[in-house]
Amino acid sequence: MPQGKLYDSPQAALADVQDGSTILVAGFAGHGVAERLLVALLEGGSKDLTLVYRDGPYASLGSGPLPAIENLVSNGQVAKIISPIPFSPGSGGAIEESWQAGWLDIEIVPQGVLVERLRAGGAGIGGVFLPTAVGTRFGADKEKRSFLQGEAVLELPLKADYSLIKVAAADTLGNAIYDGSGRNWAPVMAMAARITVAEAGLIVEPGELDPEAIISPGIFVNRLVASD
């Protein structure tokens, strides 16, 4: 085992991923995707995974021509996807094909609802009442309550076994900063997972990062690997 939070390779950082794990994959429109960690997840071969992510397009893996999530689906490793946009309309590829064939379960969750469910999971909140799904199929069979602002639907918290995030820089204690849109989903996903693994462009010693720039404190980052 490595000393502290720093791991020698993505494969070592994900060596304990079990079949049936739920994994959060950070990234926004293809930016801020932990490509090396996704390669390691593919190589690890864990099955029956539930993947939670925002949308595509997705980063390409060095192990094949398909986008990252598609590679995992094509390899038969994914049982379920939770996402606002699980595949790009008109170019669903292996994800759409597996779903239509009945091999893959897809749960569509509106983007705002998904982030609030993750936030609730990370904060230890039992659920949040949101108006988004009122009067839609997304609110079917869910508890509803009326507030001063109107009717709202109870959305349950979402927690995961692992979160795969990409950060611009981190210190060896796990304190992390982000680059641009890489900050969109990673901070909340880091909070909502039992184990957060960060792929970092730069890893430094404690005290070398500007404390005012740190977005994800080290308490939320369990493992670190270098991005190259």
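Residues numbered from 1 in each chain as written. Predicted model: local features only at pLDDT ≥ 70, side-chain atom pairs only at ≥ 80, totals over all residues. Heavy atoms only, no water.

Remarks on the overall build of the protein
And step 1. Along the backbone of the protein there are six helices and 13 strands.
And step 2. Since a compact globule built from 228 residues should have a radius of gyration of about 17 Å, the 18 Å found for the protein is in line with a globular shape.
And step 3. With the principal axes as the frame, the protein shows a C-alpha extent of 50 × 45 × 30 Å.
And step 4. Put simply, the protein has 228 residues, and 47% of those count as buried.
And step 5. Sequence-distant contacts, at least 24 apart, represent 75% of the contacts inside the protein between residues at least 6 apart.
And step 6. Of the roughly 10700 Å² that the protein leaves accessible, carbon and sulfur atoms contribute 51%.
And step 7. With 16 positive and 26 negative side-chain charges, the protein shows a spacing of 7 Å between the two charge centroids. (Helix = DSSP H or I, 4+ residues; strand = E, 2+ residues; numbered from the N terminus. Rg over C-alpha atoms; globule rule 2.2 N^0.38 Å. Buried < 20%, exposed > 50% of the residue type's maximum accessible area, 1.4 Å probe, protein only. Contact = heavy atoms within 4.5 Å. Areas by Shrake-Rupley, 256 points an atom, 1.4 Å probe, with all protein chains shown as cover. Lys, Arg positive; Asp, Glu negative; His and termini not counted. Charge placed at Lys NZ, Arg CZ, Asp CG, Glu CD.)

Here's the deal with the side chain of N175
And step 1. Structurally, the position occupied by N175 is in the loop between β9 (169–171) and β10 (176–177).
And step 2. Under the relative-accessibility criterion, N175 is labelled buried at 17%.
And step 3. In this structure the side chain of N175 is engaged in a polar contact, spanning 3.0 Å, whose partner is the side chain of D171.
And step 4. If sequence neighbours within four positions are ignored, N175 has contacts with A169, A170, L209, I214, S216, P217 and G218. (Polar contact = N/O pair within 3.5 Å; in protein donor to acceptor, adjacent residues only side chain to side chain.)

Digging into the pattern of salt bridges
And step 1. Scanning the entire structure with this criterion turns up five salt bridges.
And step 2. Between R223 and D16 there is a salt bridge, with the nearest N and O atoms lying 2.8 Å from each other. Of this pair, R223 sits in strand β13 (residues 223–226) while D16 is found in the loop between α1 (10–13) and β1 (22–25), placing the two residues 207 residues apart along the sequence.
And step 3. On the accessibility criterion, D16 (30% relative accessible area) is partly exposed.
And step 4. Its salt-bridge partner being R117, residue E107 comes within 3.5 Å of it at the nearest N-O pair. You can see E107 sitting in strand β4 (residues 105–108) and its partner R117 sitting in helix α5 (residues 111–123), a full ten residues away along the chain.
And step 5. In the salt-bridge network here, residues are joined through shared partners; they are K80, E107 and R117. (Salt bridge = Lys/Arg side-chain N within 4 Å of Asp/Glu carboxyl O.)

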